[in-house]
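Coordinate inspection notes
Chain by chain, the residues:
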Amino acid sequence: MATLKEKLSATLPSIREEIRSLVKEHGSKVISEVTIEQAYGGMRGVKSLVCDTSAVDNNRGVIIRGIHISELTNRIPEEILFLLLTGELPDAASLEALKADLRKRASLPSYVWDVLRAMPKDSHPMTMFSTGILVMEKESAFRKRYDQGMKKEDYWEPMLEDTLTLAARAPVLAAGIYRMRYNKGGIIPPDPNLDLGANFAHMLGTPDPTGTFADLMRLYLVLHSDHESGNVSAMTTHTVASALSDLYYAVSAGLDGLAGPLHGLANQECLKWILMVRKRFHGTPTDEELHKFAWDTLQSGKVIPGYGHAVLRQTDPRFTAFVEFGKKVCPDDEVFQIVEKVFRIVPPILVEQGKAKDPWPNVDAGSGSLLWHFGLTEFDYYTVLFGVSRILGVASQAVVSRAIGSAIVRPKSVTTKWLKEFAAKA
Ligand code: CMX
């Protein structure tokens, strides 16, 4: 049995050596080119980041440390954290050690609640979540060790320390925000006998007589954990951490990016859209009604939330995993049935419109309907759930980045004038 830290520590010398010799032998080889269109177009497709925790295949979706996400749906979030950080799933003893470690860290300083209580009552839950994390920055092990003086090769250790603390505290913070923001009664403390996902379900206080909501929370935390490093939340976290800002600063910034409607907030927008459909047609629409409603959305200049992706070109396997869960748990739920119908109707419309490169559903298209089924109906809270999970991935990426000595991010920008002159000469 090796603890997560022992395992990581043992593998680091060979990983560092592997990268050192790769750069030494092949450092000048070209892996990507950048066109003017890409420079204006969000750098789409430009290969200029390294991420070893996961990779997104255009057609197959996310693969975490070599394991396709569809093979991880029965795992618990703690196993995914171990996998992300070390490259291997834990054995039973290592998993128990990690669970015990996280349990010890799962309490919040009381000043966090004071700060959140002082915020405007109509603050968005993502603002509260990001603020709650930022305000704990003074607890950062990385910052303390850095201030004391620390060698570069040791940076990963306090980064790991902060990762474990944040992974343990995020569900406590998020559940507390839910109870506070929606007047659900007092904050429910963590139950030391439960795993991360079940504990999250418990602290939210959603009735769960059969334990199925806890299963959904485990699945939710597994599916959203990581999606390589070019997406807004991961890239922001990486960029901020590359300045040696500690993990609290970096994760808080990453979550601010996740809060955008083209990224994680799409899960809130998506359920909002589904509920609009239901209201407009007093229930499940006919195919023709839904077809027209989707066209009207596009013609009013809006996107259909939950559809399309910057990298994927097929149905997101995370959407498929949620739909499979829904088929087992709530096949007759009206909102879930509309989600299934949208999946049938919308992709051909997006193809017909001819703009979106990917007409298929992404992770955000189905998750909200399941939360709704369990009575978690406050959809502007949904992105916080995404955030609790995404912390596992972006924090793991940050540990790896510090371990391999990644440089401060500083690409070169050019002016439009420069581009015009360049284009004229080329
Ligand atoms: N509905 C309507 N139009 C869409 C669309 C959708 N679902 N998806 C893409 N398009 C449009 C784009 O807005 C763009 O239009 P313009 O040329 O007028 O600007 C055009 O199709 C080309 O876009 P693209 O290259 O296919 O997509 P991008 O890589 O630029 O953007 C994404 C990807 C996800 C932002 C986009 O598909 C989108 O806005 N989807 C809806 C929001 C959403 O579900 N986001 C969540 C993504 C997953 C996540 O990060 O959580």
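Residues numbered from 1 in each chain as written. Predicted model: local features only at pLDDT ≥ 70, side-chain atom pairs only at ≥ 80, totals over all residues. Heavy atoms only, no water.

This part is about helix α12 (residues 247-258). Under the 1.5 Å per step criterion, the end-to-end length of α12 is 16 Å for 12 residues, consistent within 8% with the ideal 16 Å. A large share of α12 lies buried, amounting to 10 of its 12 residues. Taken together, the buried positions of α12 are occupied by L247, Y248, A250, V251, S252, A253, G254, L255, G257 and L258. Where α12 is buried, its residues contact α6 (125-135), α8 (156-181), α11 (232-242) and α18 (382-403). Between the side-chain oxygen at the start of α12 and the backbone nitrogen of Y248 there is a gap of 3.0 Å, and the oxygen is on D246. (Helix = DSSP H or I, 4+ residues; strand = E, 2+ residues; numbered from the N terminus. Expected span 1.5 Å × (residues − 1). Buried < 20%, exposed > 50% of the residue type's maximum accessible area, 1.4 Å probe, protein only. Contact = heavy atoms within 4.5 Å. Polar contact = N/O pair within 3.5 Å; in protein donor to acceptor, adjacent residues only side chain to side chain.)

Before going further, it helps to examine the domain arrangement of the protein. For the protein, the domain assignment lists domain 1 (77-261 + 380-403) and domain 2 (266-373). Put simply, the middle of domain 1 and the middle of domain 2, counted by C-alpha atoms, are 28 Å apart. Taking both partners together, domain 1 and domain 2 bury about 1600 Å²; carbon and sulfur atoms supply 70% of that area. Counting across the interface, domain 1 meets domain 2 through zero salt bridges. Summed over the shared surface of domain 1 and domain 2, the result is five residue pairs in polar contact (both at pLDDT 80 or more). With eight residues, helix α10 (residues 212-223) is the largest single contributor of residues to the side of domain 1 that touches domain 2. For the side of domain 1 that touches domain 2, the class distribution of residues is 10 nonpolar, six polar and three charged. (Domains from an automatic or database assignment. Buried area = accessible area lost by both parts, 1.4 Å probe. Salt bridge = Lys/Arg side-chain N within 4 Å of Asp/Glu carboxyl O. Nonpolar A, V, L, I, M, F, W, Y, C, P; charged D, E, K, R; others polar.)

By the secondary structure assignment, T383 is in helix α18. Polar contacts involving the side chain of T383 include one to the main-chain carbonyl oxygen of G264, which spans 3.4 Å. Excluding residues within four positions of it along the chain, T383 makes contact with M126, L258, A259, G264, L265, N267 and Q268.

This part covers the packing of aromatic side chains. What the rule picks out here adds up to 12 aromatic pairs. Between W418 and F422, the ring centres sit 5.1 Å apart and the planes meet at 15°, which makes this aromatic pair stacked. With W418 and F422 both in helix α19 (residues 416-425), this residue pair falls four residues apart, about one helical turn. An aromatic cluster is built from F142, Y146 and Y155, whose rings are joined through pairwise contacts. (Phe/Tyr/Trp six-rings, centres within 6.5 Å; stacked < 30°, edge-to-face > 60°.)

Another aspect to go through is the environment of E269. Mapped onto the fold, E269 is located in helix α13 (residues 266-280). On the basis of relative accessibility, which here comes to 24%, the residue E269 falls in the partly exposed class. For E269, the residues in contact, after removing those within four places along its chain, are P261 and P305.

For the rest of this paragraph, the subject is the site of the ligand. By nearness alone, 21 residues border the ligand, and H263, G306, Y307, K357 and D364 come closest of all. Between an oxygen atom of the ligand and a main-chain N or O atom of K357, the distance comes to 2.7 Å. Note that an oxygen atom of the ligand is positioned 3.0 Å from one of the side-chain N or O atoms of N362. Burial of the ligand by the protein amounts to 75% of the accessible area it has alone, namely 890 Å². In the shell around the ligand, the residues fall into 11 nonpolar, six polar and four charged. (Near = heavy atom within 4 Å. Areas by Shrake-Rupley, 256 points an atom, 1.4 Å probe, with all protein chains shown as cover.)

Spatially, the three strands line up as an open sheet ordered β1-β2-β3, and their pairing is antiparallel. Of all the strands in the sheet, just β1 (54-57) and β3 (67-68) have a single pairing partner and so form its edges. Pairing of strand β2 (residues 61-64) with β3, which is carried by two bridges, proceeds in the antiparallel orientation. Looking across to β3, one finds that I63 is bridged to H68. (Pairing = 2+ DSSP bridges.)

Before going further, it helps to spend a moment on the pattern of salt bridges. Under the definition given, this model contains 22 salt bridges. One salt bridge connects D296 with K292, and the closest N-O pair in it is separated by 3.0 Å. On the criterion of helical spacing, the pair formed by D296 and K292 is a turn pair, its members being four residues apart in helix α14 (residues 287-299). Of the charged contacts in the structure, one is a salt bridge between R318 and D316, with a shortest N-O distance of 2.6 Å. Among the residues examined, R318 registers a relative accessible area of 2% and is labelled buried. We classify D316 as buried; its relative accessible area is 0%. Connected through shared salt-bridge partners, D101, R105 and E161 make up one network.

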